[in-house]
Amino acid sequence: MDEKNALCQQAAAQLVRVGHFFFERGWVPATSGNFSARIDSNCMIITVSGWHKGQLSPEGMLLADLEGSSLTTGKRPSAETLLHAALYRRVPEANAVFHTHSVYSTVLSRMLSGELILSDYEVLKAFSGIETHETTVRVPIFPNDQNMGRLAAAVDAYLAQNPDSPGYLIAGHGLYTWGRSVEEACRHVEAFEFLFECEVLRRRLASP
Ligand SMILES: CSCCC(=O)C(=O)COP(=O)(O)O
Ligand SMILES: [Zn+2]
């Protein structure tokens, strides 16, 4: 087996575990969500479109290039492949990108317009580079768009100006976040999901 095949198999096994974990937590219901991992400077492994993430297996993934085109015949890549590809091009440190559709991210992204501001939470330290709760993380919220090229361009323009952003929301849709490894991207999803739940509860209690 060559080195690239071995990397693909290792990444696929990691993404399978992520899919099952996220599904159990309720973050990727009804085939929603997609995951990818960078394999080398030219390609990524990404989930097949419409695959149930609670039943994810290595067959539910394919190789695509960093322009978003499939390199595997007979499988349809995630409908959101262009968002993953654009992220890998814009953020060279990113080696895994995860997209989830939790209840709290969906609700918050519809209640707010423009951005969600997170500050004074200890768990903000789960994001790489943050060492104190006395930090403000701004999570931009982009209008949902079925045109992935246009949505990817809007996200890319934001990240060009905000290179330290750890993730973004799409209104009525869900979360995108990433990391230097699958483990780090997974930690970022967990942190965001915890924070989204806190923010929904905090806002609900503040205005009953
Ligand atoms: C049933 S969820 C609608 C599509 C979506 O938003 C998603 O995340 C899953 O799309 P994919 O093509 O990656 O299966
Ligand atoms: Zn989605």
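Residues numbered from 1 in each chain as written. Chains lettered and ligands numbered in written order. Predicted model: local features only at pLDDT ≥ 70, side-chain atom pairs only at ≥ 80, totals over all residues.

A closer look at the site of ligand 1
Every residue near ligand 1 is listed here: Ala30, Thr31, Ser32, Gly33, Asn34, Thr47, Ser49, Gly50, Ser78, Ala79, Glu80 and His99. Of the residues that constitute the shell around ligand 1, the class distribution is two nonpolar, nine polar and one charged. (Near = placed C-beta within 6 Å. Nonpolar A, V, L, I, M, F, W, Y, C, P; charged D, E, K, R; others polar.)

A short note on the environment of Phe127
Looking at the element boundaries, Phe127 is found in the loop between β5 (115-119) and β6 (136-142). Residue classification places Phe127 among the buried positions, given that 23 C-beta atoms sit within 10 Å. Put simply, Phe127 and Leu175 are 48 residues apart on the chain and 15 Å apart in space, counted from C-alpha to C-alpha. Discounting chain neighbours no more than four positions away, the residues touching Phe127 are Val137, Pro166, His188 and Ala191. (Helix = DSSP H or I, 4+ residues; strand = E, 2+ residues; numbered from the N terminus. Buried ≥ 20, exposed ≤ 12 C-beta atoms within 10 Å, placed from the backbone. Contact = placed C-beta atoms within 7 Å.)

Observations concerning the environment of Thr31
Structurally, Thr31 is set in the loop between α1 (3-25) and β1 (34-38). Separated by 22 residues in the primary sequence, Thr31 and Lys53 place their C-alpha atoms 6.0 Å from one another. Not counting the four nearest positions on each side in its chain, Thr31 is found in contact with Gly50, Trp51 and His52.

What to know about the nonpolar core
Residues Leu15, Leu83, Val97 and Ala185 are the most contacted members of the largest nonpolar core, which totals 54 residues. Ranked by residue count, the leading element in this core is helix α5 (residues 182-206), at eight residues. Setting aside residues up to four positions removed in sequence, Leu83 forms contacts with Met148, Leu151, Ala152, Val155 and Tyr176. (Core = buried A, V, L, I, M, F, W, Y, C linked by C-beta atoms within 7 Å.)

With respect to the sheet that holds strand β3 (residues 61-65)
Sheet architecture is open: eight strands sit in the order β3-β2-β1-β4-β8-β7-β6-β5, paired in mixed fashion. The open sheet has two free edges, formed respectively by β3 and β5, since each of these has just one partner strand. In this sheet, neighbouring strand axes are inclined to one another by 20 degrees on average, regardless of whether the strands run parallel or antiparallel. Sheet topology note: the strand β2 (residues 43-47)/β3 ladder contains five bridges and is antiparallel. Along β3, the bridge assignment pairs Ile46 with Leu62. (Pairing = 2+ DSSP bridges. Axes fitted to C-alpha atoms, helices over the stretch in contact; angles between N-to-C directions.)

Considering the UniProt feature "domain: Class II aldolase/adducin N-terminal" (unreviewed entry) in the chain
In this numbering, the UniProt entry assigns the feature "domain: Class II aldolase/adducin N-terminal" (unreviewed entry) to residues 13-200. In residues 13-200, the share of helix is 35% and the share of strand is 22%. The end C-alpha atoms are 33 Å apart. (UniProt positions renumbered as here; feature names shortened; annotations may be inferred.)

Looking at the pairing of β2
Judged by how many residues are buried, β2 sits mostly within the fold: four of five residues are covered. Where β1 lies against β2, three bridges are found, and the strand directions are antiparallel. Across the sheet, the residue bridging to Ala37 is Ile45, located in β2. If you look at the hairpin formed by β1 and β2, you'll find four residues sitting between the two strands.

Section: the packing of helix α2 (residues 81-90) against helix α4 (residues 148-161)
A pair of packed helices is captured by two measures, namely the crossing angle of their axes and the spacing between those axes. The geometry of α2 relative to α4 is characterised by a closest axis approach of 9 Å and an angle of 25 degrees between their N-to-C directions. As judged from the angle between their axes, α2 and α4 are roughly parallel. Between α2 and α4 lies a crossing whose hand is right-handed. Across from Leu82, Leu83, Ala86 and Arg90 in α2, the residues of α4 making contact are Met148, Gly149, Leu151, Ala152, Val155, Asp156, Leu159 and Ala160. Residues of the contact of α2 with α4, tallied by class, amount to nine nonpolar, one polar and two charged. (Parallel < 35°, antiparallel > 145°, perpendicular 65-115°, else oblique. Left-handed = near helix turned anticlockwise from the far one by under 90°.)

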